[in-house]
Amino acid sequence: MARQANLNNEEWADLTAYLDGELDGNRARSMEARLNRDPALRAEAEALQKTWQMLDYLPQPEPSTAFTSKTLERVSVLRPAVAFPRPPGLKHSWPYGAGWAAALLLAGSVGFTGVSLLSPRPPPPQSLTDTAAIEQSLVQDLRVIENKRLYEQVENIEFLKELAQQDLFGDGQ
(Lines give C-alpha, C1' and ligand atoms only; values in the text may rest on other atoms or scores of the structure.)
Protein backbone atom coordinates (compact mmCIF):
# COMPACT_ATOMS: atom_id res chain seq x y z
CA MET A 1 0.00 0.00 0.00
CA ALA A 2 1.34 3.44 -0.90
CA ARG A 3 2.07 5.97 1.78
CA GLN A 4 -0.54 8.67 2.40
CA ALA A 5 0.15 12.00 0.73
CA ASN A 6 0.70 14.91 3.11
CA LEU A 7 -1.24 17.78 1.57
CA ASN A 8 -1.97 21.21 2.96
CA ASN A 9 -5.35 22.88 2.46
CA GLU A 10 -4.36 24.62 -0.76
CA GLU A 11 -3.00 21.39 -2.26
CA TRP A 12 -6.23 19.55 -1.30
CA ALA A 13 -8.24 22.31 -2.94
CA ASP A 14 -6.11 22.04 -6.10
CA LEU A 15 -6.46 18.24 -6.15
CA THR A 16 -10.24 18.29 -5.80
CA ALA A 17 -10.50 21.11 -8.35
CA TYR A 18 -8.34 19.06 -10.74
CA LEU A 19 -10.54 15.99 -10.30
CA ASP A 20 -13.62 18.13 -10.93
CA GLY A 21 -12.04 19.67 -14.04
CA GLU A 22 -12.10 23.17 -12.56
CA LEU A 23 -8.38 24.07 -12.75
CA ASP A 24 -7.08 26.41 -15.44
CA GLY A 25 -4.53 25.16 -17.98
CA ASN A 26 -1.25 25.91 -16.18
CA ARG A 27 -2.39 24.70 -12.77
CA ALA A 28 -3.94 21.57 -14.31
CA ARG A 29 -0.67 20.72 -16.11
CA SER A 30 1.23 21.29 -12.88
CA MET A 31 -1.10 18.94 -10.99
CA GLU A 32 -0.80 16.29 -13.73
CA ALA A 33 2.99 16.47 -13.54
CA ARG A 34 2.84 16.17 -9.77
CA LEU A 35 0.49 13.16 -10.00
CA ASN A 36 2.90 11.48 -12.42
CA ARG A 37 5.86 12.04 -10.08
CA ASP A 38 4.27 11.26 -6.70
CA PRO A 39 2.74 7.77 -6.31
CA ALA A 40 1.28 8.67 -2.89
CA LEU A 41 -0.54 11.66 -4.35
CA ARG A 42 -1.73 9.54 -7.29
CA ALA A 43 -3.08 6.90 -4.86
CA GLU A 44 -4.82 9.63 -2.86
CA ALA A 45 -6.41 11.03 -6.03
CA GLU A 46 -7.60 7.58 -7.13
CA ALA A 47 -9.08 6.86 -3.67
CA LEU A 48 -10.84 10.21 -3.67
CA GLN A 49 -12.21 9.58 -7.15
CA LYS A 50 -13.47 6.10 -6.16
CA THR A 51 -15.15 7.60 -3.09
CA TRP A 52 -16.98 10.15 -5.23
CA GLN A 53 -18.06 7.42 -7.64
CA MET A 54 -19.46 5.34 -4.77
CA LEU A 55 -21.49 8.34 -3.59
CA ASP A 56 -23.45 8.10 -6.83
CA TYR A 57 -24.77 4.68 -5.73
CA LEU A 58 -26.25 5.97 -2.46
CA PRO A 59 -30.01 6.55 -2.43
CA GLN A 60 -31.00 10.15 -3.04
CA PRO A 61 -33.54 11.39 -0.48
CA GLU A 62 -36.48 13.36 -1.86
CA PRO A 63 -37.42 16.60 -0.07
CA SER A 64 -40.85 16.71 1.48
CA THR A 65 -43.61 18.70 -0.16
CA ALA A 66 -43.54 21.21 2.69
CA PHE A 67 -39.76 21.72 2.51
CA THR A 68 -39.94 25.08 0.77
CA SER A 69 -42.57 26.59 3.04
CA LYS A 70 -40.85 25.33 6.21
CA THR A 71 -37.51 26.70 5.08
CA LEU A 72 -38.97 30.10 4.24
CA GLU A 73 -40.74 30.23 7.60
CA ARG A 74 -37.50 29.52 9.43
CA VAL A 75 -35.59 32.08 7.43
CA SER A 76 -38.24 34.74 7.99
CA VAL A 77 -38.08 34.12 11.76
CA LEU A 78 -34.32 34.49 11.72
CA ARG A 79 -34.36 37.56 9.52
CA PRO A 80 -37.50 39.65 9.83
CA ALA A 81 -38.55 41.82 6.93
CA VAL A 82 -37.03 45.28 7.03
CA ALA A 83 -39.50 48.12 6.70
CA PHE A 84 -37.95 51.23 5.25
CA PRO A 85 -39.10 54.27 7.21
CA ARG A 86 -40.42 57.22 5.26
CA PRO A 87 -38.49 60.44 5.39
CA PRO A 88 -40.04 62.74 7.99
CA GLY A 89 -41.26 65.34 5.47
CA LEU A 90 -43.04 62.89 3.14
CA LYS A 91 -46.27 61.76 4.78
CA HIS A 92 -48.17 61.55 1.50
CA SER A 93 -45.96 60.60 -1.42
CA TRP A 94 -48.68 60.22 -4.07
CA PRO A 95 -48.69 63.94 -4.98
CA TYR A 96 -45.00 63.69 -5.83
CA GLY A 97 -45.62 60.63 -8.00
CA ALA A 98 -48.52 62.35 -9.73
CA GLY A 99 -46.32 65.40 -10.34
CA TRP A 100 -43.61 63.28 -11.91
CA ALA A 101 -46.16 61.47 -14.08
CA ALA A 102 -47.63 64.79 -15.24
CA ALA A 103 -44.15 66.15 -16.02
CA LEU A 104 -43.31 63.06 -18.09
CA LEU A 105 -46.62 63.27 -19.93
CA LEU A 106 -46.07 66.96 -20.69
CA ALA A 107 -42.51 66.35 -21.89
CA GLY A 108 -43.65 63.49 -24.12
CA SER A 109 -46.46 65.47 -25.68
CA VAL A 110 -44.21 68.50 -26.30
CA GLY A 111 -41.61 66.23 -27.91
CA PHE A 112 -44.19 64.51 -30.11
CA THR A 113 -45.71 67.81 -31.19
CA GLY A 114 -42.30 69.28 -31.98
CA VAL A 115 -41.25 66.31 -34.07
CA SER A 116 -44.53 66.13 -35.94
CA LEU A 117 -44.45 69.88 -36.73
CA LEU A 118 -40.83 69.85 -37.89
CA SER A 119 -40.93 66.67 -39.97
CA PRO A 120 -41.49 67.32 -43.68
CA ARG A 121 -44.66 65.87 -45.15
CA PRO A 122 -45.47 65.49 -48.82
CA PRO A 123 -48.30 67.75 -49.87
CA PRO A 124 -51.60 65.98 -50.37
CA PRO A 125 -52.80 65.61 -53.96
CA GLN A 126 -54.69 68.75 -54.99
CA SER A 127 -56.69 67.17 -57.73
CA LEU A 128 -57.25 64.03 -59.72
CA THR A 129 -54.36 64.94 -62.01
CA ASP A 130 -51.93 64.86 -59.08
CA THR A 131 -53.18 61.38 -58.18
CA ALA A 132 -52.68 60.37 -61.78
CA ALA A 133 -49.12 61.76 -61.64
CA ILE A 134 -48.42 59.67 -58.56
CA GLU A 135 -49.81 56.58 -60.25
CA GLN A 136 -47.70 57.30 -63.35
CA SER A 137 -44.60 57.61 -61.19
CA LEU A 138 -45.41 54.25 -59.57
CA VAL A 139 -45.87 52.63 -62.96
CA GLN A 140 -42.48 53.97 -64.07
CA ASP A 141 -40.86 52.52 -60.96
CA LEU A 142 -42.79 49.26 -61.16
CA ARG A 143 -39.70 47.20 -62.02
CA VAL A 144 -37.89 48.61 -58.99
CA ILE A 145 -40.86 47.90 -56.74
CA GLU A 146 -41.23 44.34 -58.04
CA ASN A 147 -37.52 43.60 -57.47
CA LYS A 148 -37.29 45.33 -54.10
CA ARG A 149 -36.51 42.09 -52.25
CA LEU A 150 -33.56 41.49 -54.59
CA TYR A 151 -32.25 45.03 -54.17
CA GLU A 152 -32.34 44.68 -50.39
CA GLN A 153 -29.59 42.05 -50.66
CA VAL A 154 -27.17 44.57 -52.23
CA GLU A 155 -24.95 46.48 -49.81
CA ASN A 156 -24.53 49.67 -51.84
CA ILE A 157 -25.78 51.32 -55.01
CA GLU A 158 -22.33 51.34 -56.64
CA PHE A 159 -22.54 47.57 -57.09
CA LEU A 160 -25.76 47.94 -59.07
CA LYS A 161 -24.28 50.75 -61.16
CA GLU A 162 -21.30 48.54 -62.07
CA LEU A 163 -23.67 45.78 -63.12
CA ALA A 164 -25.56 48.21 -65.35
CA GLN A 165 -22.35 49.52 -67.00
CA GLN A 166 -21.04 46.09 -67.82
CA ASP A 167 -24.15 45.31 -69.84
CA LEU A 168 -24.31 41.80 -68.39
CA PHE A 169 -28.03 41.43 -68.84
CA GLY A 170 -28.47 42.57 -72.39
CA ASP A 171 -30.28 45.59 -73.82
CA GLY A 172 -33.38 46.95 -72.15
CA GLN A 173 -32.95 45.06 -68.92
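As the structure is a prediction and not an experimental result, all values here were calculated from the model. (Residues numbered from 1 in each chain as written. Predicted model: local features only at pLDDT ≥ 70, side-chain atom pairs only at ≥ 80, totals over all residues. Heavy atoms only, no water.)

Quick notes on the overall build of the protein
So the rule is basically this: Here a strand is any run of E in DSSP of at least two residues, a helix any run of H or I of at least four, and the numbering for each starts at the N terminus. The classification of residues rests on relative accessible area computed with a 1.4 Å probe and restricted to protein chains. Under 20% of the type maximum is buried, over 50% is exposed, and intermediate values are partly exposed. Here the Shrake-Rupley method, with its probe set to 1.4 Å, supplies the accessible areas, and only the displayed protein chains count as covering residues.
Within the protein, the regular secondary structure consists of 9 helices and 0 strands. Along its sequence from the N terminus, the protein presents helices and strands in the succession α-α-α-α-α-α-α-α-α. Taking all 173 residues of the protein together, the buried fraction comes to 9%. About 15800 Å² of surface is accessible on the protein, with carbon and sulfur atoms providing 59% of the total.

Some thoughts on the nonpolar core
As a reminder, the rule being used: To define a nonpolar core, start from buried Ala, Val, Leu, Ile, Met, Phe, Trp, Tyr and Cys residues and group those joined through side-chain atoms within 4.5 Å.
In terms of nonpolar packing, the biggest core is built from 11 residues, these being Leu-7, Leu-15, Ala-17, Leu-19, Leu-23, Ala-28, Met-31, Leu-35, Leu-41, Ala-45 and Leu-48. Broken down by secondary-structure element, the contributors of at least two residues to this core are α1 (9-20), α2 (25-37) and α3 (39-55).

What to know about the environment of Ala-45
To be explicit about the condition: Contacts are assigned to residue pairs that have any heavy atoms within 4.5 Å of one another.
Note that Ala-45 resides in helix α3. We classify Ala-45 as buried; its relative accessible area is 5%. On a C-alpha basis, the gap between Ala-45 and Leu-15 in space is 7.2 Å, while along the polypeptide they are 30 residues apart. Those residues within four positions of Ala-45 in sequence are excluded, and the remaining contacts are Leu-15, Leu-19 and Leu-35.

Observations regarding the pattern of salt bridges
We apply this condition: Each reported salt bridge corresponds to a side-chain nitrogen of Lys or Arg within 4 Å of a carboxyl oxygen of Asp or Glu.
This model, assessed by the stated rule, comprises 2 salt bridges. Of the charged contacts, one joins Asp-14 and Arg-27 as a salt bridge, the two residues approaching to 2.3 Å between their closest N and O atoms. Remark: Arg-27 occurs in helix α2 and Asp-14 occurs in helix α1; sequence separation between them is 13 residues. Classification of Asp-14 as buried rests on a relative accessible area of 16%. For Arg-27, a relative accessible area of 43% puts it in the partly exposed group.

With respect to the packing of α1 against α2
The relative placement of two packed helices is expressed as an angle between their axes plus a distance between the axes. In plain terms, the rule: What counts as an axis is a line fitted to C-alpha atoms, over the stretch in contact for a helix, and the angles between N-to-C directions run from 0 to 180 degrees. Oblique is the label for any angle not under 35 degrees, not over 145, and not in the 65 to 115 range, which are roughly parallel, roughly antiparallel and roughly perpendicular in turn.
Between α1 and α2, whose axes approach to 10 Å, the crossing angle comes to 100°. Considering their axes alone, α1 and α2 lie roughly perpendicular with respect to each other. Where α1 abuts α2, its residues Glu-11, Asp-14, Leu-15 and Tyr-18 lie against Arg-27, Ala-28, Met-31, Glu-32, Arg-34 and Leu-35.

Points about α1
Selection criterion: Given a helix with a known number of residues, its expected span is that number minus one, times 1.5 Å.
Between its first and last C-alpha, α1 extends 16 Å over 12 residues, near the 16 Å set by a 1.5 Å rise per residue. Burial in α1 covers these residues: Asp-14, Leu-15, Ala-17 and Leu-19. Taken from the residues just after α1, Gly-21 is the one with a positive phi, measuring 80°.

Brief notes about the confidence of the model for the protein
Which entries qualify depends on this criterion: Looking at any residue, its pLDDT shows the predictor's confidence there, from 0 to 100.
Looking at the protein as a whole, the pLDDT averages 77, with 77% of positions reaching at least 70. Element-level pLDDT for the protein is lowest in helix α6 (residues 128-140), with a mean of 70, against a maximum mean of 89 in α2.

Here's the deal with the packing of α2 against α3
Going by this rule: When residues are sorted by character, Ala, Val, Leu, Ile, Met, Phe, Trp, Tyr, Cys and Pro go into the nonpolar class, Asp, Glu, Lys and Arg into the charged class, and all the rest, Gly among them, into the polar class.
It is at 5 Å that the axes of α2 and α3 come closest, and there the two elements cross at 110°. Here α2 is positioned roughly perpendicular relative to α3, judged by the angle of their axes. Taken together, the residues of α3 that come into contact with α2 (itself represented by Met-31, Arg-34, Leu-35, Asn-36 and Arg-37) are Pro-39, Leu-41, Arg-42 and Ala-45. In the contact of α2 with α3, the residues fall into 5 nonpolar, 1 polar and 3 charged.

Regarding a nonpolar patch on the surface
The condition that has to hold: Like-charged residues within 9 Å of one another, or nonpolar side chains (Val, Leu, Ile, Met, Phe, Trp, Tyr) within 5 Å, are grouped into patches, provided each residue has over 30% relative accessible area and no salt bridge.
Taken together, the side chains of Ile-134, Leu-138, Leu-142 and Ile-145 present a nonpolar region at the surface, about 350 Å² in accessible area. Of all the elements in the fold, those that place two or more residues in the nonpolar patch are α6 and α7 (142-146). Locating Leu-138 in the fold gives a position in helix α6.

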